[in-house]
Amino acid sequence: MSQLERRLGVPEAVLIGLGSMLGAGVFVVFGPATAASGGAGLLPALVLAGFIAFCNATSSARLAARYPESGGTYIYGRKRLGPFAGFVAGWGFVVGKTASCAAMALTIGAYLWPEQARLVAVAAVLAVTGVNLRGIGKTATVTKALVALVLAVLTLVAVAGVVGGPVELDRLADAGGAGRGVLTAAGLLFFAFAGYARIATLGEEVRDPERTIPRAVPIALGLVLGSYLVLAVVALGVLGADRLAGSAAPLADVVTTAGLPELAWVVRAGATVAVTGVLLSLLAGVGRTLLAMARRRDVPAALAAVHPRHRVPHRAELTVAAMVILVVLLADVRHAIGFSSCTVLVYYAITNAAALTLGRDPGRRLPVRALAALGLAGCLLLAANLPLTSVVVGFAVLAAGAAWYALRRSPTLRRS
């Protein structure tokens, strides 16, 4: 048996999307994004990243409803644009999200035990992989608990900032940056929105995918964008753009500045829970994409195995965990975020290009073709404006994967 079991409805799919997104943007990216914009521009960058994510979400939902299989844009690219486009998308997703998983694991280590961050990160990867190997039902159940705890902590931060801050709204005027800095910040912030793709990569495990996926994706994205905007306004209003740009733990600093330093440990614990939820869903999504690639021999076919009892791609998940642990032992969290953003933006550029081939959807009020075109252009623009090192390394890895694909498909290599 090689098919996955359909267990997830709209609420479960939304929760997995929330678990993938909530945490990375709030606890990791706000500071670097504010710094990238020169101490200003967080709010416009957040709106821009959210709009491009909405365009991508619309295209992802349309494609996922048409092709309800595990693999996401790897499948859509193959079906609509050809095998090579599908491979580039799958390769970009796997390597980019492997870096994301490593960044999340290292963040857990930094919050829990900074002196032994890598050791804690490895333990977190092993623990989360163990949960995922128990089945997608277990993943959804654990994610539900994590999301509830994270929302409670984020609510605490918002209330503490508003009540004790105070939130000085005139400081929001300092966040009106423009130009390349806003584009760079938006590219980094996109890292925080990319979790909605996890719903599409779980398409083979969703009940009634034609109905469930188009509903779950925009709901999850809308809830996250609203949460990010509220917290960004509170953080900017309490800390100011300059202090926010230099903060390693901005939400903990909000609570401390609001006169409640004794609650800072609650925020740090919430950060650990949030990032664990992101890591849980990230590992599940990368494993499903690797499964889809293995089924088509773009990676070793042995990775296409599905566990006979738990109905999960256990070999693919174990392989992903091993790759993440290797990156954890060798990489830096900041470079991992930039590299991940670059390759994932290319992934979504292919998503939008594939969606453009679908034509119009009868009965839809949204201008879906225009949104796909804007999403395609926006992804390429943000990717090109990321920090230079991230752009160079990201496109080099994509080029290396493309070259390997071409060599494997060459007639000479096949004969040999």
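Position numbers for residues count from 1 along each chain, tracking the sequence in the order it is written. Residue-level local features of this predicted model are given only where pLDDT is at least 70; pairs of side-chain atoms are given and counted only at 80 or more, and the full residue set underlies all totals for whole chains, interfaces and linings. Note that water and hydrogens are dropped before the side-chain values are worked out from all heavy atoms of the structure.

Heads up, the rule is: UniProt positions are given in the numbering used here, feature names are shortened, and annotations may be inferred rather than shown by experiment.
By the naming in an unreviewed UniProt entry, the protein chain is Amino acid permease, taken from Micromonospora musae. Regarding the protein chain, the relevant UniProt record gives this comment under Subcellular location (unreviewed entry): "Cell membrane".

Some thoughts on the nonpolar core
The nonpolar side chains of soluble globular proteins are, as a tendency, buried together. Condition: In these notes, a set of buried Ala, Val, Leu, Ile, Met, Phe, Trp, Tyr and Cys residues joined through side-chain atoms within 4.5 Å is what counts as a nonpolar core. Here's how the labels work: a residue is buried when its accessible area is under 20% of the maximum for its type, exposed when over 50%, partly exposed in between, all with a 1.4 Å probe on protein chains only. In what follows, a contact means two residues having at least one pair of non-hydrogen atoms within 4.5 Å.
Counting 136 residues, the largest nonpolar core has Phe27, Met104, Leu189, Tyr228 and Leu279 as its most contacted members. For leucine 279, the contacting residues outside a window of four places in its chain are Cys101, Met104, Ala105, Ile108, Ala124, Val125 and Val128.

With respect to helix H12 (residues 250-257)
The cut-off we apply is this: Helix numbers and strand numbers start at the N terminus; a helix is a DSSP run of H or I with at least 4 residues, a strand a run of E with at least 2.
Of the positions making up H12, those classed as buried are Pro250, Leu251, Ala252, Val254 and Val255. Positive phi shows up at glycine 259, right after H12, with a value of about 90°.

Points about the packing of helix H1 (residues 10-21) against helix H13 (residues 264-295)
Rule in force here: Angles run from 0 to 180 degrees between N-to-C directions of axes, and those axes are lines fitted to C-alpha atoms, restricted for helices to the stretch in contact. Less than a right angle of anticlockwise turn of the near helix away from the far helix marks a crossing as left-handed, whereas a clockwise turn marks it as right-handed. Side-chain classes are defined by residue name, with Ala, Val, Leu, Ile, Met, Phe, Trp, Tyr, Cys and Pro counting as nonpolar, Asp, Glu, Lys and Arg as charged, and the others, Gly among them, as polar.
Contact geometry for H1 and H13: axes closest at 6 Å, N-to-C directions at 120°. Between H1 and H13 the crossing geometry is left-handed. Two secondary-structure elements touch here, H1 through Ile16, Gly19, Ser20 and Met21 and H13 through Gly277, Val278 and Ser281. Here the residues of the contact of H1 with H13 sort into 3 nonpolar, 4 polar and no charged.

Some thoughts on the pattern of salt bridges
The criterion, for reference: In what follows, salt bridge is the name for a side-chain nitrogen of Lys or Arg lying within 4 Å of a carboxyl oxygen of Asp or Glu.
Counted according to the given criterion, the structure contains 2 salt bridges. Between arginine 78 and aspartate 298 there is a salt bridge, with its nearest N and O atoms 3.3 Å apart. With arginine 78 in helix H4 (residues 73-81) and aspartate 298 in the loop between H13 and helix H14 (314-330), the pair connects residues that are 220 residues apart, well separated along the chain. Residue class for aspartate 298 comes out buried when judged on its relative accessible area of 0%. Its salt-bridge partner being arginine 288, residue glutamate 317 comes within 2.3 Å of it at the nearest N-O pair. One end of the pair, glutamate 317, is in helix H14; the other, arginine 288, is in helix H13, with 29 residues separating them in the sequence. The same class applies to glutamate 317 and to arginine 288, which are both buried.

Some thoughts on helix H17 (residues 388-409)
Basically, it comes down to this: Under the convention used throughout, the expected extent of a helix is 1.5 Å for every residue step, that is, one less than its residue count. By construction, the arc corresponds to the directions joining the helix axis to the C-beta atoms.
In a regular helix each residue adds 1.5 Å, so 22 residues correspond to 32 Å; H17 covers 32 Å between its end C-alpha atoms and thus fits that length. For H17, the set of buried residues is Ser390, Val391, Gly394, Leu398, Gly401, Ala402 and Tyr405. Looking straight down H17, one finds that the buried residues subtend no more than 110° of arc, so they occupy a single side. What points out from H17, more than 90 degrees from its buried face, is the exposed set Leu388 and Leu407. Those residues of H17 that are buried lie in contact with helix H5 (83-112), helix H15 (333-356) and helix H16 (368-384).

A few points about the packing of aromatic side chains
Condition: Here a pair means two rings of Phe, Tyr or Trp (six-membered ring of Trp) with centres within 6.5 Å. Their orientation is stacked below 30 degrees between planes, edge-to-face above 60, and tilted elsewhere.
The full count for this structure, using the stated rule, is 9 aromatic pairs. Where phenylalanine 30 meets tyrosine 228, the ring centres are 6.3 Å apart and the plane angle is 75°; that geometry is what we call edge-to-face. Here the residue phenylalanine 30 occupies a position in helix H2 (residues 24-36), and tyrosine 228 occupies one in helix H10 (residues 209-239), the gap between them amounting to 198 residues. On the accessibility criterion, phenylalanine 30 (1% relative accessible area) is buried. Where phenylalanine 87 meets tryptophan 91, the ring centres are 6.2 Å apart and the plane angle is 10°; that geometry is what we call stacked. On the criterion of helical spacing, the pair formed by phenylalanine 87 and tryptophan 91 is a turn pair, its members being 4 residues apart in helix H5.

Re a nonpolar patch on the surface
Spelled out, the test is: Here the term patch refers to residues with relative accessible area over 30% and no salt bridge, with like charges joined within 9 Å and nonpolar side chains (Val, Leu, Ile, Met, Phe, Trp, Tyr) within 5 Å. For every accessible area listed, the method is Shrake-Rupley and the probe measures 1.4 Å; residues are considered covered only by the protein chains on display.
On the surface, a cluster of nonpolar side chains totalling about 340 Å² of accessible area is made up of Leu112, Trp113 and Leu119. Tracing the backbone shows tryptophan 113 in the loop between H5 and helix H6 (117-132).

Some thoughts on the environment of isoleucine 75
Inspection of the secondary structure assignment puts isoleucine 75 in helix H4. Owing to a relative accessible area of 1%, isoleucine 75 belongs among the buried residues under this scheme. Once the C-alpha coordinates of isoleucine 75 and phenylalanine 87 are considered, the two residues, 12 residues apart in sequence, prove to be 8.8 Å apart.

Considerations on the packing of H1 against H10
The following threshold applies: An angle counts as roughly parallel when it lies under 35 degrees, as roughly antiparallel when it exceeds 145, as roughly perpendicular when it falls between 65 and 115, and as oblique in every other case.
It is at 8 Å that the axes of H1 and H10 come closest, and there the two elements cross at 40°. By the criterion of interaxial angle, the relationship of H1 to H10 is oblique. For the crossing formed where H1 meets H10, the hand is right-handed. The segment H1 lies against H10, with Val10, Ala13, Val14, Gly17, Leu18 and Met21 engaging Arg211, Thr212, Ala216, Ile219, Ala220, Leu221, Leu223, Val224 and Tyr228. Split into classes, the residues belonging to the contact of H1 with H10 amount to 12 nonpolar, 2 polar and 1 charged.

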